[in-house]
Amino acid sequence: MTKSELIAKIADKYPTLYLSDVEKIVHTIIKTVSESITSGNRVELRGFGTFGLKIMKARKSRNPRTGKTVFVESKSVPYFRMGKKLKERINN
């Protein structure tokens, strides 16, 4: 599902809301989650999951094409961990 499909589905479910208001709500939620993760905080949506950052340490690696050893700098990687209720809904 894309963001525009999500907006359309919410607008169909709640016809009393204007489409522009639904767009603002979805954009605000995504922006707030993104800003929170960027600042290093964790975002937990009960029953859905948790968004956060994992910090990968600097390490030595190997270039698969040439076989040479290269140094990979440390970096932050976003992650999503499913909540218990979402896992149960998927597995049933």
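One can find the structure itself at the top, above this paragraph.
The following paragraphs examine the structure supplied in this document. (Residues numbered from 1 in each chain as written. Predicted model: local features only at pLDDT ≥ 70, side-chain atom pairs only at ≥ 80, totals over all residues. Heavy atoms only, no water.)

Digging into the overall build of the chain
Note the following rule: A run of H or I in DSSP counts as a helix once it spans at least four residues, and a run of E counts as a strand once it spans at least two, with each numbered from the N terminus. In this treatment the radius of gyration is a C-alpha quantity, and the globule benchmark scales as 2.2 Å times the residue count to the 0.38 power. A simple rule labels every residue: compare its accessible area, found with a 1.4 Å probe on the protein chains alone, to the largest value its type can have, and call it buried under 20%, exposed over 50%, or partly exposed in between. Contacts between residues were defined by any pair of non-hydrogen atoms, one from each residue, lying within 4.5 Å. The method behind every accessible area is Shrake-Rupley, applied with a 1.4 Å probe, and residues are considered shielded solely by the protein chains displayed. In this tally Asp and Glu are treated as negative and Lys and Arg as positive; neither His nor the chain ends contributes. Here the site of a charge means NZ on Lys, CZ on Arg, CG on Asp, or CD on Glu.
Across its full length, the chain holds three helices and five strands. Relative to the compact-globule value of 12 Å for 92 residues, the chain shows a C-alpha radius of gyration of 19 Å, a clear excess of over 25%. With respect to the principal axes defined by its C-alpha atoms, the chain has extents near 60 × 35 × 30 Å. For the chain, with 92 residues in total, the buried portion stands at 15%. Taking as baseline every contact in the chain between residues at least 6 positions apart, the subset at least 24 positions apart corresponds to 31%. Accessible surface computed for the chain: about 8100 Å², of which carbon and sulfur atoms make up 55%. Side-chain charges of the chain comprise 20 positive and 8 negative groups, with the mean position of each set lying 14 Å from the other.

Remarks on the packing of helix 1 (residues 3-13) against helix 2 (residues 19-38)
As a reminder, the rule being used: Fitted lines through C-alpha atoms give the axes, limited to the stretch in contact for helices. The angle between two N-to-C directions lies from 0 to 180 degrees. Note that the term roughly parallel is reserved for angles under 35 degrees, roughly antiparallel for angles over 145, roughly perpendicular for angles of 65 to 115, and oblique for everything else. In this scheme, a crossing is called left-handed if the near helix is turned counterclockwise away from the far one by less than a right angle; it is called right-handed if the turn is clockwise.
Here helix 1 crosses helix 2 at 130 degrees, and the two axes come no closer than 9 Å. Of the possible angle classes, the one that applies to helix 1 and helix 2 is oblique. Helix 2 is crossed by helix 1, and the crossing has right-handed handedness. In this structure, helix 1 uses Lys-3, Leu-6, Ile-7, Ile-10 and Ala-11 to contact helix 2, whose residues at the interface are Leu-19, Val-22, Glu-23, Val-26, His-27 and Ile-30.

Things to note about the layout of surface pockets
Using the following cut-off: Grid points spaced at 1 Å over the protein atoms alone were grouped into cavities, where a 1.4 Å probe fits but cannot get out, and pockets, open sets with protein on both sides within 12 Å along at least five of seven lines, with lining residues defined by an atom within 4 Å of a point. Grid points are joined across faces, edges and corners, and a volume is the space filled by probe spheres set on the points.
Within this model, the largest pocket holds a volume of roughly 470 Å³. Lining the largest pocket are 16 residues, with Leu-6, Ile-29, Ile-30, Leu-45 and Phe-48 positioned closest to its centre. For the lining of the largest pocket, the elements supplying multiple residues, two or more each, are helix 1, helix 2 and helix 3 (84-91). No other element matches helix 2, which puts seven residues into the lining of the largest pocket.

Here we look at the side chain of Ser-36
When you line up the elements, Ser-36 lands in helix 2. Non-local contacts of Ser-36, meaning those with residues more than four positions away in its chain, are made with Asn-41, Arg-42 and Val-43.

Here's the deal with the pairing of strand 3 (residues 59-62)
For clarity, the threshold we go by: A pair of strands is considered paired only if DSSP assigns at least 2 bridges between the two.
Where strand 3 and strand 4 (residues 69-72) come together, four bridges link them in antiparallel fashion. Within strand 4, the position partnered with Ser-61 by the bridge is Val-70.

Things to note about the sheet that holds strand 2 (residues 49-56)
Picture the strands of a sheet paired through backbone hydrogen bonds; they go either parallel or antiparallel. Strand order in the open sheet made by the three strands is 1-2-5, with antiparallel pairing throughout. Edge positions in the open sheet fall to strand 1 (43-45) and strand 5 (75-82), since each of these has one partner strand only. Strand-to-strand twist of the sheet, defined as the mean angle between neighbouring strand axes without regard to direction, takes the value 25 degrees. Across eight bridges, strand 2 lies against strand 5 in antiparallel orientation. When the sheet's bridge partners are listed, Lys-54 is paired in strand 5 with Val-77. Relative to the sheet, helix 2 contacts strand 1 and strand 2, its axis offset from that of strand 2 by approximately 30 degrees.

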